[in-house]
Structure formats: structure tokens, C-alpha cells
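Breakdown of the fold
What follows is each chain in one-letter form.
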Amino acid sequence: MQKSPQLNPSIQTMFSQSTAVLSQPSVATFEKFEWRGSVQSAYTYVLVAAVVSAIIAAIFAPFHREVTFFGQLFSRLILVPLGFAVFTGAVYGIGKALFKGTGTYAEVAYTFALFYVPLSILGTVIGIIPILGWLANILISLAIVYFGFLAVQSSMNIRTNGEGIALLVLSGLAYFLVLALVGGFLATLFIAGAVLTGG
């Protein structure tokens, strides 16, 4: 079957596709949607998650001693889309180079956005609850790994379980390395700003 040209679906359409992916998790479900959006639509959807997460985290920052309003706001606006870009870029690049994946970056980005956006927003909402938050976030992280495994098989056409797992692990290492460096840089900026302003 020939794939239709990529579209730029609305946020509402993407949310409906996310609902289908989360409620009927399978490679086949992902394959129904992987070509229905572009890189632009994937990142627009991820920016929605970044804004929602940033606002929620910033509003509830006063209830957590270790974070600040602006720290939560700006860090999430930067780190959510950056983390998505790094991880999906690694999946695509490593998948092509090491595992001979045949998907396009648009298929990877769009496929991953469909589950990443609702799960990341859910993680932020639950994360504001002090005791329940960390346990729920572990479960959400496991869900992201599971859906990522299905998305790798669909978007990169890598059907061997071992290769799919290896690709996720290598992409995860790239993700944590880059985000640790950027997070450290942002923390240094916030600390320097607090010192200079006497905060």
C-alpha cells in the first residue's frame, strides 16, 4: 500500500491519534499513524506538552523547596523539546547507522510524539503530588519505554526485539548525556543569576 503524503494534522486530531495509540498499543496501531504528520506537526505537539508542563510545574513550585517558579518554567520550556529532539534524533541516526533502519525522521518524530506528549503531561500532573509523584513517574517511565519499543519497530522498521532494545538503550544514553550537560549549564546560569541579584 502506498503511503499518502504527510499532512499537518490539528492538535485535536493528534490527541485522538494519541488516544488510539495508548488504548490499543501495537506496532500495527503506530503504523496507521506514522506517516500522517510531519516533523513540524510533531514538534508543535511537543511544544504543547512543554508549555503545559512548564505552567503546571511553575505554579506548584512554591510547594517544593528545591525548585523555583522561573526555574521550573524555563527549564521545562527548554528541556522538554530538547530532550525529545535528542532522543528521536538518536533513534533515527543510530537506527540508520547501526541497525539499517529504513524509516524517515518524520516518521520517528511523529510516532514518538503521539505517546510522549500525553504521558509527559500526565507525569507532570502526577509529579506535583509529593509521595505519589515519584512512584507514578517510575510507572510512566516504564510506559514510555514500552511505547518507545513499539514505535521503534514501526517507525524504523526494526522488528528484531534485541535490536529494538539495543537501539532504545543507546538512544537513552545519548539522551541522558546531552540533558545532563544542558541541565548542568542551566543550573549554573540560575545559580549565577541568584548570586548576582542577591537572591
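Our structure is the block above this text.
Residues numbered from 1 in each chain as written. Predicted model: local features only at pLDDT ≥ 70, side-chain atom pairs only at ≥ 80, totals over all residues. Heavy atoms only, no water.

Structurally, E34 is set in the loop between helix 2 (27-33) and helix 3 (39-59). For E34, a relative accessible area of 3% corresponds to the buried category. Among the polar contacts listed, one links the side chain of E34 to the side chain of S154, at a separation of 2.6 Å. (Helix = DSSP H or I, 4+ residues; strand = E, 2+ residues; numbered from the N terminus. Buried < 20%, exposed > 50% of the residue type's maximum accessible area, 1.4 Å probe, protein only. Polar contact = N/O pair within 3.5 Å; in protein donor to acceptor, adjacent residues only side chain to side chain.)

Structurally, the position occupied by M14 is in helix 1 (residues 11-23). On the accessibility criterion, M14 (0% relative accessible area) is buried. The spatial distance from the C-alpha of M14 to the C-alpha of Y110 is 9.4 Å, given a sequence separation of 96 residues. In contact with M14, other than residues within four places in its own chain, are P9, S41, A42, Y45, Y110 and L114. (Contact = heavy atoms within 4.5 Å.)

Tallied over the full model, the rule gives one salt bridge. A salt bridge links E31 to R159; the shortest N-O distance between them is 2.3 Å. Within this pair, whereas E31 is found in helix 2, its partner R159 is found in the loop between helix 6 (130-155) and helix 7 (161-197), the two being separated by 128 residues in sequence. E31 sits in the partly exposed class, given a relative accessible area of 28%. On the accessibility criterion, R159 (45% relative accessible area) is partly exposed. (Salt bridge = Lys/Arg side-chain N within 4 Å of Asp/Glu carboxyl O.)

We now examine helix 3. Spanning 21 residues, helix 3 covers 30 Å between terminal C-alpha atoms, matching the ideal 30 Å at 1.5 Å per step. Its buried side turned inward, helix 3 meets helix 1, helix 4 (69-99) and helix 5 (105-127). (Expected span 1.5 Å × (residues − 1).)

Right, let's talk about the packing of aromatic side chains for a bit. Taken as a whole and judged by the stated rule, the model has 10 aromatic pairs. Look at F84 and Y116: their rings are 5.5 Å apart centre to centre, the planes differ by 40 degrees, and that puts the pair in the tilted class. With a gap of 32 residues between them, F84 in helix 4 and Y116 in helix 5 connect regions that are remote in the sequence. Consider the rings of F112 and F115, whose centres lie 5.3 Å apart with planes at 50 degrees: the pair is tilted. Linking F112 with F115, this pair stays in helix 5, spanning three residues, or about one helical turn. For the residue pair F112 and F115, the accessibility class agrees, reading buried in each case. (Phe/Tyr/Trp six-rings, centres within 6.5 Å; stacked < 30°, edge-to-face > 60°.)

The next point concerns unusual backbone geometry. The phi angle of most residues is negative, glycine excepted, and most peptide bonds adopt the trans form. Despite not being glycine, K100 has its phi angle at roughly 55 degrees, a positive value. Even without a glycine there, the phi angle at N157 is positive, about 55 degrees. Mapped onto the fold, N157 is located in the loop between helix 6 and helix 7. Note on N157: relative accessible area 35%, which makes it partly exposed.

On to the packing of helix 1 against helix 3, then. One can describe the packing of helix 1 onto helix 3 by two numbers: an axis separation of 11 Å at closest approach and a directional angle of 85 degrees. Classified by the interaxial angle, the pair formed by helix 1 and helix 3 is roughly perpendicular. Contacts between helix 1 and helix 3 pair I11, M14, F15 and S18 from the former with S41, A42, T44, Y45 and V48 from the latter. A per-class count over the contact of helix 1 with helix 3 returns six nonpolar, three polar and no charged. (Axes fitted to C-alpha atoms, helices over the stretch in contact; angles between N-to-C directions. Parallel < 35°, antiparallel > 145°, perpendicular 65-115°, else oblique. Nonpolar A, V, L, I, M, F, W, Y, C, P; charged D, E, K, R; others polar.)

Between helix 3 and helix 5, whose axes approach to 8 Å, the crossing angle comes to 15 degrees. It follows that helix 3 is roughly parallel to helix 5 by the angle criterion. Between helix 3 and helix 5 the crossing geometry is left-handed. The class makeup of the residues in the contact of helix 3 with helix 5 is 20 nonpolar, four polar and no charged. (Left-handed = near helix turned anticlockwise from the far one by under 90°.)

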